[in-house]
Amino acid sequence: MTDSIMSKAATMEIPINSNGDTGTLPEDDSLEQDLQQVMVSGPNLNETSIVSGGYGGTAEGIIPTSSIKGPAVRYNAEFNKRIPVTGLGSNMHHSGSSSSMTAEEASRGVAVEKLETMKKWGLNTYKCTKQMISERFGRGSRTVDLELEAQIEVLRDTKKKYENVLRLARALTNHFYNMVQTQHALGDTFADLSQKSPELRDEFGYNAETQKLLCKNGETLLGAVNFFVSSINTLVNKTMEDTLMTIKMYENARLEFDAYRSDLEELSLGPKDAVAMARIDAAQQLYQVQKDKYEHLRSDVIIKLKFLEENKVKVMHKQLLLFHNAISAYFAGNQQQLEQTLKQFNIKLRPPGADKPSWLEEQ
């Protein structure tokens, strides 16, 4: 019944005059009663309909509201149009798209930055390789500091000789340690035989005491030699190696400096148009950067070489004196002088059961 009434109401024509006012409608009692019945019955909102056309349209243009999906629309009766109404959903979609675009731009910026870094690294490597090959074949010029390079060669030669001293000192320590262990075992054997051979008890006893005394003095000498080896190892593999690492950085900076210097010289010999002048200015800036880096590292190398020489003299003077006094006292059989030598250099011997370092010392 409701559908028939709404169809009847939808198909009515409302005349509009030229001024936009509605005309008078003929009274229809049956229609008024039907409309009152519809208002009383209270139709369900889910079953209401929206007329797609204007007044006077057909029933076929009625669209159930339950089937409408998507953004809300507002009907303009005057212009017979549906106007979309933007809401929260469109704002959320816009915000999500903006954040995704921001993340994409950030990742694109990181990629561009990495590409520029790779480009600079490749260009710098190409120039340095070109300069190195030119120097090898005698075609390119290189910056030479004769005094500094002579000091560097002396340091490298000294390091090789000190490494040989360190190797021989370690070999002496190993051999002497084995001899002390043999003396210790031999003394225990003599002491055991003195208990089991009554007829040779005194002879075995004398030899056992002698070997134990030699073993004790040998352990004292090992403490001095180990201290000597440790100090030489620190000097060679830490102090000298640190200076040589700075020298390596200096030599790399020298190569880069000469590479950019040669590049600037080649550009200066070329044409002097606007594009060439711009390239010359850029090359001049890069050359100045490499020059400052080269001079800074050169100064660092000079200072480290000076301090290394002073430290080497101080350390070796102490260690050579220790080695000489300890060896002399040991082979002279002067146990008191040997112990005094260790006290003079503040060397503390480990107890017999402390050969293996603790877990804290191994960390």
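Residues numbered from 1 in each chain as written. Predicted model: local features only at pLDDT ≥ 70, side-chain atom pairs only at ≥ 80, totals over all residues. Heavy atoms only, no water.

Please clarify how the packing of helix H6 (residues 274-331) against helix H7 (residues 335-344) should be interpreted in this entry.
For any two helices packed against each other, the geometry comes down to the angle between their axes and how far apart the axes lie. Taken N-terminus to C-terminus, the directions of H6 and H7 make an angle of 160°; their axes are 8 Å apart at the nearest point. Classified by the interaxial angle, the pair formed by H6 and H7 is roughly antiparallel. Note on packing geometry: the crossing formed by H6 with H7 is left-handed. Contact with H6, carried on its side by Leu322, Asn325, Ala326, Ala329 and Tyr330, involves Gln337, Leu338, Thr341 and Gln344 of H7 and no other residues of that element. (Axes fitted to C-alpha atoms, helices over the stretch in contact; angles between N-to-C directions. Helix = DSSP H or I, 4+ residues; strand = E, 2+ residues; numbered from the N terminus. Parallel < 35°, antiparallel > 145°, perpendicular 65-115°, else oblique. Left-handed = near helix turned anticlockwise from the far one by under 90°. Contact = heavy atoms within 4.5 Å.)

Explain the pattern of salt bridges to me, please; I cannot follow it from the model alone.
Where charged atoms from two side chains of opposite charge come close, those side chains can pair. Counting across every chain of the model gives 15 salt bridges. A salt bridge links glutamate 266 to lysine 130, with the nearest nitrogen and oxygen atoms 3.8 Å apart. Remark: lysine 130 occurs in helix H3 (residues 88-136) and glutamate 266 occurs in helix H5 (residues 201-268); sequence separation between them is 136 residues. Note that lysine 312 and glutamate 309 form a salt bridge whose closest N and O atoms lie 3.3 Å from each other. Here glutamate 309 and lysine 312 lie together in helix H6, a separation of 3 residues that amounts to about one turn. What makes glutamate 309 partly exposed here is its relative accessible area of 42%. Within the structure, one salt-bridge network assembled from shared partners comprises Arg254, Asp258, Arg261 and Glu265. (Salt bridge = Lys/Arg side-chain N within 4 Å of Asp/Glu carboxyl O. Buried < 20%, exposed > 50% of the residue type's maximum accessible area, 1.4 Å probe, protein only.)

Please clarify how the environment of isoleucine 247 should be interpreted in this entry.
Residue position: isoleucine 247 is located in helix H5. In sequence terms isoleucine 247 and isoleucine 302 are 55 residues apart; their C-alpha atoms lie 9.4 Å from each other. What isoleucine 247 contacts, discounting residues up to four positions off in sequence, is Ile152, Leu155, Arg156, Val301 and Leu305.

Just to check I follow, could you spell out H6 for this structure?
Working note: α-helix, 3.6 residues per turn, so residues spaced by three or four point in the same direction. Taking 1.5 Å of rise per residue, the 58 residues of H6 would be expected to cover 86 Å, and the 83 Å separating its terminal C-alpha atoms lies within 8% of that figure. Downstream of H6 by one or two residues, glycine 333 has phi in the positive range, about 75°. (Expected span 1.5 Å × (residues − 1).)

Would you mind going over the nonpolar core with me for this structure?
One recurring pattern in soluble globular proteins: nonpolar side chains tend to sit buried together. Formed by 43 residues in total, the largest nonpolar core has its most connected members in Leu155, Ile247, Tyr250 and Leu305. At the level of elements, helix H4 (146-196), H5, H6 and H7 are the ones that each hand at least two residues to this core. In terms of residue count, H5 provides more of this core than any other element does, 18 residues in total. Each residue touching leucine 155, except ones within four places of it in the same chain, is listed here: Met240, Thr243, Leu244, Ile247, Leu305 and Leu308. (Core = buried A, V, L, I, M, F, W, Y, C linked by side-chain atoms within 4.5 Å.)

Honestly, unusual backbone geometry in this entry has me stumped. Any pointers?
One can expect most non-glycine residues to show negative phi and most peptide bonds to be in trans. In this structure, asparagine 346 is a non-glycine residue whose phi angle is positive, near 55°. With respect to the helices and strands, the residue asparagine 346 is situated in the loop between H7 and helix H8 (359-362). For asparagine 346, a relative accessible area of 66% corresponds to the exposed category.

Teacher, can you tell me more about the environment of glutamine 288 here?
Summarising the element assignment, glutamine 288 is placed in helix H6. On the accessibility criterion, glutamine 288 (34% relative accessible area) is partly exposed. Distance from glutamine 288 to arginine 261, taken between C-alpha atoms, is 9.1 Å for residues 27 residues apart in sequence.

Got a minute to help me understand the packing of H4 against H6 in this structure?
Viewed as axis vectors pointing N to C, H4 and H6 meet at an angle of 25°, and their least axial separation amounts to 12 Å. Here H6 runs roughly parallel to H4, going by the angle between their axes. In the crossing of H4 with H6, the sense of the turn from one axis to the other is left-handed. Two secondary-structure elements touch here, H4 through Leu148, Gln151, Ile152, Leu155, Thr158, Tyr162, Leu172, Phe176, Met179 and Gln183 and H6 through Arg298, Val301, Ile302, Leu305, Leu308, Lys312, Met316, Phe323 and Tyr330.

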